[in-house]
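One-letter residues, chain by chain:
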Amino acid sequence: MILEWTEKAIEKIEHKVQGGQLFLKYDTDGCGCVVSGVSALWLVDEQPEGTVKMDTNFLPVYMEKSKLVFFDEKMTIDYKEEQNTFQLKSPNQMLNPNLRFENTIETGKGA
């Protein structure tokens, strides 16, 4: 799996990831079922068991191996100034037009 960061996305996130690791979470909390999840970008202090590392042009990003099926083989994280949000997309589709970034180290939520 390949994840590419746009220059805008790198500019917006690089100062936020000091002292942590990035985790692309397929968040199913409150969605009712595992196939109704929403992707989110979490900053974690350590990766949970069962994660895989994605190749990127920026910092490493990890995700749960069991959730790979919900994502495309090649994806891009972009940042849209107009909406003040990150976006996760692939050549085939928009996976999340409002990709939430959450610092779980500060909130204590964890992966």
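Going by the structure above, here's the rest.
Structure report, in brief. (Residues numbered from 1 in each chain as written. Predicted model: local features only at pLDDT ≥ 70, side-chain atom pairs only at ≥ 80, totals over all residues. Heavy atoms only, no water.)

Section: the pairing of strand β6 (residues 74-80)
- Taken across its seven residues, β6 has five buried, putting it largely inside the fold.
- Looking at chain direction, strand β1 (residues 2-5) and β6 are connected through four bridges and run parallel. Following the sheet pairing, W5 is matched in β6 by I77.
- The pairing of β6 with strand β7 (residues 85-89) spans five bridges and is classified as antiparallel. Counted as the bridge partner of D78 is Q87 from β7.
- Joining the antiparallel neighbours β6 and β7 is a turn of four residues, in which N84 adopts a positive phi near 55°. (Buried < 20%, exposed > 50% of the residue type's maximum accessible area, 1.4 Å probe, protein only. Helix = DSSP H or I, 4+ residues; strand = E, 2+ residues; numbered from the N terminus. Pairing = 2+ DSSP bridges.)

Digging into the sheet that holds strand β5 (residues 61-64)
- Read around the closed barrel, eight strands run β1-β4-β5-β2-β3-β8-β7-β6, paired in mixed fashion. Taking the axes of each pair of neighbouring strands and ignoring which way they run, one obtains an average angle of 35° across the sheet.
- Across four bridges, the pairing between strand β3 (residues 38-44) and strand β8 (residues 94-103) is parallel. Within β8, the position partnered with A40 by the bridge is R100. (Axes fitted to C-alpha atoms, helices over the stretch in contact; angles between N-to-C directions.)

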